[in-house]
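Examination of the molecular architecture
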Amino acid sequence: MTPQRVNLITLGVEDLSRSRAFYEALGWEAADEAPGVVFFRMQGAALGLFGKADLAKDQGREGAPLGTGAMTLAQNFQDQAGVDAAFAAALAAGATALKQPEEVFWGGYSGYYADPDGHVWELAYNPFWTVNDDGSLTIPEQGADAEAEDTKGPAPE
């Protein structure tokens, strides 16, 4: 089994009902729940929402202040229109716009929003990666671009 995997992401939230309603407004469907936590099935993984105080206690850090915004969760789309539609849906569900989707320096298109608890999501279109019809992401093997460049001949001087 590969060590390069994440199969559960848990977000600490202030108000579980509010956060659940936000993700459900985005079209997510709860797959399982227990007192103080709800889980959403993702492509080969799950997203959990867990009350912050209960999460800190579960981590063995009862009373610890749990922060947000130091990492970004991301969804990649097959085109810019998908990014724009998802961004509009997030704002309609109650997200806070952080950065409107726009063309970015690395050649793609992306924007950022924060969910009601301040968890940051990036919505992106990366023309160098493939988003499959099932939503999974394929990143080309390293060197694939270099090999393709070699077939084009030498770069102009």
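Residues numbered from 1 in each chain as written. Predicted model: local features only at pLDDT ≥ 70, side-chain atom pairs only at ≥ 80, totals over all residues. Heavy atoms only, no water.

Further remarks concern the pairing of strand β2 (residues 30–34). In terms of strand pairing, β2 meets strand β3 (residues 37–42) through four bridges, oriented antiparallel. The residue bridging Ala-34 from the neighbouring strand is Val-37, located in β3. (Pairing = 2+ DSSP bridges. Helix = DSSP H or I, 4+ residues; strand = E, 2+ residues; numbered from the N terminus.)

Before going further, it helps to spend a moment on helix α1 (residues 16–25). All buried positions along α1 are accounted for by Ser-19, Phe-22 and Tyr-23. Here the buried residues of α1 occupy an arc of 90° about the axis, which is enough to place them on one side. Those residues of α1 hidden inside the fold are in contact with β1 (8–13), β3, β4 (45–51), α3 (80–93), β7 (109–114) and β8 (120–125). The backbone nitrogen of Ser-17 has a side-chain oxygen 3.1 Å away, supplied by the residue at the start of α1, namely Asp-15. (Buried < 20%, exposed > 50% of the residue type's maximum accessible area, 1.4 Å probe, protein only. Arc of directions from axis to C-beta. Contact = heavy atoms within 4.5 Å. Polar contact = N/O pair within 3.5 Å; in protein donor to acceptor, adjacent residues only side chain to side chain.)

A few words now on the nonpolar core. Formed by 20 residues in total, the largest nonpolar core has its most connected members in Tyr-23, Phe-40, Leu-47, Leu-49, Tyr-113, Trp-121 and Leu-123. Counting only elements with at least two residues in this core, the list comes to β1, α1, β3, β4, β5 (72–77), α3, β7 and β8. Considering every element that reaches this core, the biggest residue donor is α3, with four residues. Every residue in contact with Leu-49, bar those within four places of it in the chain, is listed here: Leu-11, Val-13, Leu-16, Ser-19, Arg-20, Tyr-23, Gly-36, Val-37, Val-38 and Phe-40. Membership of the second largest hydrophobic core comes to five residues, among which are Val-37, Phe-50, Leu-55 and Ala-56. (Core = buried A, V, L, I, M, F, W, Y, C linked by side-chain atoms within 4.5 Å.)

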